[in-house]
Amino acid sequence: MQRYVKIALGLVIVVIILGAYTRLTDAGLGCPDWPGCYGFLTVPHSETRVEAAEMRFPERPVEHFKAWNEMIHRYAAGILGILVLLIAVTAVQRRRRIGAGKPLKLPLALLALIIFQAALGMWTVTMNLQPVIVMMHLLGGFSTFCLLALLYLRETQPALATEPKLRALQSLAILTMIVVIGQIALGGWVAANYAALACTNLPICEGNWMERLDIAGAFSVPEADDYEFGVHSYAERMTMHVFHRIGAIAVIAVMGWLLLKLWLNATSQWFKRLTFVMTFLLVLQVALGVTNVVASLPLAVAVAHNAVGALMLVSLVALNYALYKIKRKEVSHG
């Protein structure tokens, strides 16, 4: 079971990276149907197949680079889905064999989530990149990563020393995780609406941005047949980006305070290592965000920004799990 979960953890981060790469190369509709590509299992290359594909989808000429980006992402996601199914089946069989004591609800929840993720992937294509669906698909991928990480922790049961001074940090750790989830959702909304370059100055935006805010429009979904490249006005996209910038400041403040508390109070090697990793990820994420603005969204940097955001969230899941386990152990011994 642990081996399957380890492989799935490695694969899910690959799927997240491939998803970001697909989105950032404007390849979300590289294949205009689902689950195949122009009616084929693979990207059509022969002259006959390309002609047949373009007859089926005359509004979507075949672009092989974009089509392969999309299909490789689908293949990787499909393998991950099969692996999660294997994990769920193994969990059920193990429960029947040895009884209670090993996770069962979590693998089944993972399976339900991965099925819903597949549906979101289909709707992303069939609804022509509708922003709410695209954002939910991103959040679903991050949620899959978090649940797999939580399952790994439950399977391995890391030895956690009692940390009396960390008990008071549980509420702050939960708050930090909520703030980071909110920021990831804002980032997903910015990406889904092609608003990443709406502001090109630091720290917030250029010009009289406060006077041009349009909150109602920014968080609405206008009627459209196709959402590729966005349908919102500049003021609406700028508002999305401004909220994402403000969210970044909130993350730095809240997570920075949590990390300071951890540096001052953690004594065990497990918590010290996790604190170091979280600090490194926060600094790296800020640097990647600034580079995205200064260098006008370089592809590699933008993809890395997405991946590091997922790792930050998973590190907070691990911290909250560890604090919960310590508190539960103290209660049971109290």
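Described in the following lines is the structure provided in the data block. (Residues numbered from 1 in each chain as written. Predicted model: local features only at pLDDT ≥ 70, side-chain atom pairs only at ≥ 80, totals over all residues. Heavy atoms only, no water.)

1. Things to note about the overall build of the protein chain
From N to C terminus, the protein chain includes ten helices and zero strands. From first element to last, N terminus to C terminus, the protein chain shows the α and β order α-α-α-α-α-α-α-α-α-α. Its C-alpha radius of gyration of 22 Å places the protein chain within 12% of the 20 Å reference for a compact globule of 334 residues. The principal-axis extent of the C-alpha atoms belonging to the protein chain is close to 70 × 60 × 30 Å. (Helix = DSSP H or I, 4+ residues; strand = E, 2+ residues; numbered from the N terminus. Rg over C-alpha atoms; globule rule 2.2 N^0.38 Å.)

2. Quick notes on the nonpolar core
Formed by 63 residues in total, the largest nonpolar core has its most connected members in Leu-80, Phe-145, Leu-148, Leu-258, Phe-271, Met-278 and Leu-319. Leave out the neighbours within four places in its chain, and Leu-80 touches Ala-8, Leu-11, Val-12, Val-15, Ile-114, Thr-144 and Leu-148. Counting eleven residues, the second-largest nonpolar core is a separate cluster that includes Val-43, Val-50, Phe-57 and Ala-67. (Core = buried A, V, L, I, M, F, W, Y, C linked by side-chain atoms within 4.5 Å. Buried < 20%, exposed > 50% of the residue type's maximum accessible area, 1.4 Å probe, protein only. Contact = heavy atoms within 4.5 Å.)

3. Notes on the packing of aromatic side chains
Aromatic ring pairs are described here by two measures, namely the spacing of the ring centres and the angle between the planes. The full count for this structure, using the stated rule, is five aromatic pairs. Consider the rings of Phe-116 and Trp-123, whose centres lie 6.3 Å apart with planes at 75°: the pair is edge-to-face. Among the residues examined, Phe-116 registers a relative accessible area of 36% and is labelled partly exposed. For the ring pair Trp-270 and Phe-271, a centre distance of 5.2 Å and an interplane angle of 75° mean the geometry is edge-to-face. (Phe/Tyr/Trp six-rings, centres within 6.5 Å; stacked < 30°, edge-to-face > 60°.)

4. Some details on the side chain of His-244
For His-244, the location among the structural elements is in helix α8 (residues 234-265). With relative accessibility at 18%, the residue His-244 sits in the buried group. Not counting chain neighbours up to four residues away, the residues in contact with His-244 comprise Gln-183, Leu-186, Gly-187 and Val-190.

5. Describing unusual backbone geometry
Along the chain, Trp-34 connects to Pro-35 via a cis peptide bond; the corresponding omega equals 5°. In this fold, Pro-35 is placed in the loop between α1 (2-24) and α2 (47-56). Pro-203 follows Leu-202 through a cis peptide bond whose omega is 5°. The residue Pro-203 is located in the loop between α6 (170-192) and α7 (215-218) in this model. Here Gln-157, not a glycine, exhibits a phi torsion of approximately 50°, which is positive.

6. Considerations on the environment of Leu-299
By the secondary structure assignment, Leu-299 is in helix α10 (residues 299-333). By relative accessible area, Leu-299 is classed as partly exposed at 33%. Once the C-alpha coordinates of Leu-299 and Asp-225 are considered, the two residues, 74 residues apart in sequence, prove to be 27 Å apart.

7. Quick look at the packing of helix α3 (residues 64-98) against helix α4 (residues 105-126)
At a minimum axis distance of 8 Å, the contact between α3 and α4 shows a crossing angle of 160°. Here α4 runs roughly antiparallel to α3, going by the angle between their axes. For the element pair α3 and α4, the recorded crossing hand is left-handed. In this structure, α3 uses Glu-70, Arg-74, Leu-80, Gly-81, Val-84, Leu-85, Ile-87, Ala-88, Ala-91 and Val-92 to contact α4, whose residues at the interface are Pro-107, Leu-108, Leu-110, Leu-111, Ile-114 and Val-125. Among the residues forming the contact of α3 with α4, the class breakdown is 13 nonpolar, one polar and two charged. (Axes fitted to C-alpha atoms, helices over the stretch in contact; angles between N-to-C directions. Parallel < 35°, antiparallel > 145°, perpendicular 65-115°, else oblique. Left-handed = near helix turned anticlockwise from the far one by under 90°. Nonpolar A, V, L, I, M, F, W, Y, C, P; charged D, E, K, R; others polar.)

8. Notes on the state of the cysteines
According to the stated counting rule, one finds two disulfides in the structure shown. In this model, Cys-31 is linked to Cys-37 through a disulfide, with the two sulfur atoms separated by 2.0 Å. Disulfide Cys-31-Cys-37: torsion about the S-S bond near -80°, hence left-handed. Across this residue pair, the class does not change: Cys-31 and Cys-37 are buried. Cys-199 shares a disulfide with Cys-205; S-S distance 2.1 Å. Residues Cys-199 and Cys-205 share a disulfide whose torsion about the S-S bond is about -90°; that sign makes it left-handed. Each member of the pair, Cys-199 as well as Cys-205, carries the same accessibility label: buried. (Disulfide = S-S within 2.5 Å.)

9. Structural notes on a nonpolar patch on the surface
Together, Leu-202, Ile-252, Val-286, Val-290 and Val-294 give the surface a local cluster of nonpolar side chains, amounting to about 390 Å² of exposed area. Here the element with the most residues in the nonpolar patch is helix α9 (residues 269-294); it accounts for three residues. (Patch = residues over 30% accessible without salt bridge, like charges linked within 9 Å, V, L, I, M, F, W, Y side chains within 5 Å. Areas by Shrake-Rupley, 256 points an atom, 1.4 Å probe, with all protein chains shown as cover. Salt bridge = Lys/Arg side-chain N within 4 Å of Asp/Glu carboxyl O.)

10. A short note on the pattern of salt bridges
For the structure shown, the criterion picks out five salt bridges. A salt bridge links Glu-228 to Arg-60, with the shortest nitrogen-to-oxygen separation between them at 2.7 Å. On the criterion of sequence distance, the pair formed by Glu-228 in the loop between α7 and α8 and Arg-60 in the loop between α2 and α3 is long-range, its members being 168 residues apart. With its nearest N and O atoms 3.9 Å apart, the salt bridge here joins Lys-66 to Glu-63. Relative accessible area serves as the criterion here: at 44%, Glu-63 is assigned to the partly exposed category. The network of salt bridges with shared partners includes Arg-60, Asp-226 and Glu-228.

11. Concerning the packing of α4 against helix α5 (residues 131-156)
The N-to-C vectors of α4 and α5 enclose an angle of 160°; their axes lie 9 Å apart at closest approach. Looking at the two axes, α4 sits roughly antiparallel to α5. Of the two elements, α4 crosses α5, and the hand of that crossing is left-handed. Split by residue class, the contact of α4 with α5 holds 15 nonpolar, eight polar and one charged.

From the geometry alone we can't say anything about function, so treat these as descriptive.
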